[in-house]
Amino acid sequence: MSEATPVMILLVEDDEVIRRSVAIALERYGYAVTVAGDGLTGLELFREGRHDLLLLDVMLPGLDGIGLCRRIRETSMDPILMMSARGDALDVVSGLEAGADDYVVKPVDTAVLVARIRSLLRRATFVSPVPAGAAGPEETAEREGECDRLVFGDLTIDSAALEVSRGGRRLSLTPTELRLLLEFAAHPGIVLDRQTLLRNVWDYGWDGDTRVVDLCVQRLRKKIGADRVETVRGFGYKLRR
């Protein structure tokens, strides 16, 4: 994205004080912010304009943040960051299950919020390719010819085109789901612990909430097959070869 084109953020927050303070803080960092005070207005603004990232409060009048997130995910894979006033486990789980990429707890420090936003934008605009040689000739996952295509049973991953298909049907993955799958594909059959996934996929330079990983794995399984990503209890996850 060019420097002349600011990152467009849609902020949906019903508390006017929080809405204004967050918008002003983000604008100081160079972001262009569109605001809405309720879920239905937020959905209308989302449909009317282009946005690079959506920042949604959980508790919204009319259409709550969880419902809004689900409606957005029906047509868009844009990065979504949820905000929860309580940090309640149910809020977090519901938001991530609805398709959010990450969450923050209010009141949130501006530096932390901006760090999460930058991390999400990096995921959306850049996905690291699967390293050459990640899948050897003796593995079920094999590289076909000279192209960056990996095959795991009925699952095909083209790391150059950033396309994933299952049984010949193209899958729609969020940037975070795609980064997570590519991380697994780069280490087929190897157990990856949650903290490693937080660092490599979510760009966390600190210990984050591992529920983000668990919920994203669950969403990914629904798309690529429940048995494709194996849980190794007490350790983490691995992609079946």
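Refer to the structure presented above.
In this report, the structure presented in the accompanying data block is examined. (Residues numbered from 1 in each chain as written. Predicted model: local features only at pLDDT ≥ 70, side-chain atom pairs only at ≥ 80, totals over all residues. Heavy atoms only, no water.)

As for the packing of helix 1 (residues 16-28) against helix 5 (residues 110-125)
- The geometry of helix 1 relative to helix 5 is characterised by a closest axis approach of 11 Å and an angle of 65° between their N-to-C directions. Considering only the axes of helix 1 and helix 5, their crossing is right-handed. On the side of helix 1, the interface is formed by Val22, Ala25 and Leu26, while helix 5 contributes Thr110, Leu113, Val114 and Ile117.
- Residue composition of the contact of helix 1 with helix 5, grouped by class: six nonpolar, one polar and no charged. (Axes fitted to C-alpha atoms, helices over the stretch in contact; angles between N-to-C directions. Helix = DSSP H or I, 4+ residues; strand = E, 2+ residues; numbered from the N terminus. Left-handed = near helix turned anticlockwise from the far one by under 90°. Contact = heavy atoms within 4.5 Å. Nonpolar A, V, L, I, M, F, W, Y, C, P; charged D, E, K, R; others polar.)

Brief notes about helix 8 (residues 211-224)
- The end-to-end C-alpha distance of helix 8, which contains 14 residues, comes to 20 Å, matching closely the 20 Å that a straight helix rising 1.5 Å per residue would cover.
- Helix 8 sits mainly inside the fold: ten of its 14 residues count as buried.
- Of the positions making up helix 8, those classed as buried are Val212, Val213, Asp214, Leu215, Cys216, Val217, Arg219, Leu220, Arg221 and Ile224.
- Two residues or fewer after helix 8 comes glycine 225, characterised by a positive phi angle close to 120°. (Expected span 1.5 Å × (residues − 1). Buried < 20%, exposed > 50% of the residue type's maximum accessible area, 1.4 Å probe, protein only.)

Structural notes on the sheet that holds strand 12 (residues 229-232)
- If you walk across this open sheet you meet the three strands as 11-13-12, and the pairing is antiparallel. Of all the strands in the sheet, just strand 11 (192-193) and strand 12 have a single pairing partner and so form its edges.
- Looking at chain direction, strand 12 and strand 13 (residues 236-239) are connected through four bridges and run antiparallel. Note that in strand 13 the partner of valine 232 across the bridge is glycine 236. (Pairing = 2+ DSSP bridges.)

Thoughts on the pattern of salt bridges
- In this structure the tally under the stated criterion is 14 salt bridges.
- The partner of arginine 170 in a salt bridge is glutamate 163, and the shortest N-O contact between them spans 3.7 Å.
- Each of Glu13, Asp57 and Lys106 takes part in a single network of salt bridges with overlapping partners. (Salt bridge = Lys/Arg side-chain N within 4 Å of Asp/Glu carboxyl O.)

Observations regarding empty space enclosed by the protein
- Applying the stated criterion to the full structure yields one cavity of 30 Å³ or more.
- Taken together, Val58, Met82, Met83, Ser84, Asp91, Val92, Gly95, Leu96, Ala100, Tyr103 and Val104 form the lining of the largest cavity.
- By residue number, the principal contributor to the lining of the largest cavity is helix 4 (residues 89-97), which donates four residues.
- A class-by-class count of the residues in the lining of the largest cavity yields eight nonpolar, two polar and one charged. (1 Å grid on protein atoms, 1.4 Å probe; cavity = no way out; pocket = protein on both sides within 12 Å on 5 of 7 lines; lining within 4 Å. Points joined across faces, edges and corners; volume = space filled by probe spheres on them.)

Things to note about the packing of helix 6 (residues 175-185) against helix 7 (residues 194-201)
- Packing of helix 6 against helix 7 brings their axes to within 10 Å, and their N-to-C directions diverge by 120°. One element, helix 6, and the other, helix 7, form an angle in the oblique class. Crossing angle aside, the handedness with which helix 6 passes helix 7 is right-handed. Touching Thr176, Arg179, Leu180, Glu183 and Phe184 of helix 6 are Leu197, Asn200 and Val201, all from helix 7.
- Split into classes, the residues belonging to the contact of helix 6 with helix 7 amount to four nonpolar, two polar and two charged. (Parallel < 35°, antiparallel > 145°, perpendicular 65-115°, else oblique.)

So, the sheet that holds strand 4 (residues 80-84)
- Spatial strand order, 2-1-3-4-5: five strands in an open sheet with parallel pairing. Of all the strands in the sheet, just strand 2 (32-36) and strand 5 (102-105) have a single pairing partner and so form its edges. If you compare each strand with its neighbour and ignore which way they point, the axes differ by 20° on average.
- By the bridge criterion, four bridges tie strand 1 (residues 8-12) to strand 3 (residues 53-57) in an arrangement that is parallel. In the strand pairing of strand 3, leucine 11 is matched with leucine 55.

Details of the nonpolar core
- Ranked by internal contacts, the top residues of the largest apolar core, which has 50 residues, are Leu56, Met82, Ile157, Leu180, Leu181, Phe184 and Trp202.
- Looking at this core element by element, the count peaks at seven residues for helix 8.
- When sequence neighbours within four positions are dropped, the list of residues in contact with methionine 82 reads Leu56, Asp57, Val58, Gly65, Ile66, Cys69, Gly95, Ala100, Asp102, Tyr103 and Val104.
- Leu11, Met83, Val114 and Leu120 belong to the second largest nonpolar core, which has 18 residues in total. (Core = buried A, V, L, I, M, F, W, Y, C linked by side-chain atoms within 4.5 Å.)

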